[in-house]
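Inside the fold
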Amino acid sequence: MNETLVQAEGELITAPFVYRSVEEPQEVVLAKFRPMMPLQDATGADVLDVYLNLGADAQGLAQGDRVSVSGLLVERPMVTRSGKIRRGGAHQILVREIKR
């Protein structure tokens, strides 16, 4: 798995939502995140389109919250609303620490 340790500040552009992950046995909470500066993945490519993977707890976060996060940036398959796996996957930050 290509992972990169990142620290970023930015804004939640969606409210946290429950998501059935392909990679994990239970549902997780995701939130679309807009970092203030582009992140770099393991290949060195700039990443601006990213989700925060908050695990099982939304931690009281809401759309529009400005946060500082640290965690692992990974690219994972995503399931569409119709149940199909999205081509190319999506970048997620597996959150280790988050601060408002």
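Reference entry: report on the structure contained in this document. (Residues numbered from 1 in each chain as written. Predicted model: local features only at pLDDT ≥ 70, side-chain atom pairs only at ≥ 80, totals over all residues. Heavy atoms only, no water.)

Another aspect to go through is the nonpolar core. Within soluble globular proteins, side chains that are nonpolar generally end up buried alongside one another. Among the nonpolar cores identified, the biggest contains 18 residues, and Phe-33, Leu-52, Val-67, Val-69, Ile-93 and Ile-98 are the most heavily contacted of them. Residues within four places of Val-67 in sequence aside, it is in contact with Ala-8, Glu-9, Gly-10, Leu-12, Phe-33, Leu-52, Leu-61, Ile-98, Lys-99 and Arg-100. (Core = buried A, V, L, I, M, F, W, Y, C linked by side-chain atoms within 4.5 Å. Buried < 20%, exposed > 50% of the residue type's maximum accessible area, 1.4 Å probe, protein only. Contact = heavy atoms within 4.5 Å.)

To continue, consider the environment of Met-78. Note on placement: Met-78 falls in the loop between strand 7 (66-76) and strand 8 (90-99). By relative accessible area, Met-78 is classed as buried at 5%. Sequence separation of Met-78 and Gly-88 is 10 residues, and the distance between their C-alpha atoms is 8.5 Å. (Helix = DSSP H or I, 4+ residues; strand = E, 2+ residues; numbered from the N terminus.)

Locating Ile-13 in the fold gives a position in the loop between strand 1 (3-12) and strand 2 (17-19). Sequence spacing of Ile-13 and Gly-64 is 51 residues, and the spatial spacing of their C-alpha atoms is 5.9 Å. Setting aside chain neighbours within four positions, we find Ile-13 in contact with Lys-32, Phe-33, Arg-34 and Gln-63.

With respect to the helices and strands, the residue Asp-65 is situated in the loop between strand 6 (50-53) and strand 7. Arg-100 is the oppositely charged side chain nearest to the buried, salt-bridge-free Asp-65, at an N-O distance of 4.2 Å. Here Ala-62 takes part through its backbone nitrogen, which lies 2.8 Å from a polar atom of the side chain of Asp-65. When near neighbours in sequence (up to four residues on either side) are disregarded, Asp-65 contacts Gly-10, Glu-11, Leu-12, Gly-60 and Arg-100. (Lys, Arg positive; Asp, Glu negative; His and termini not counted. Salt bridge = Lys/Arg side-chain N within 4 Å of Asp/Glu carboxyl O. Polar contact = N/O pair within 3.5 Å; in protein donor to acceptor, adjacent residues only side chain to side chain.)

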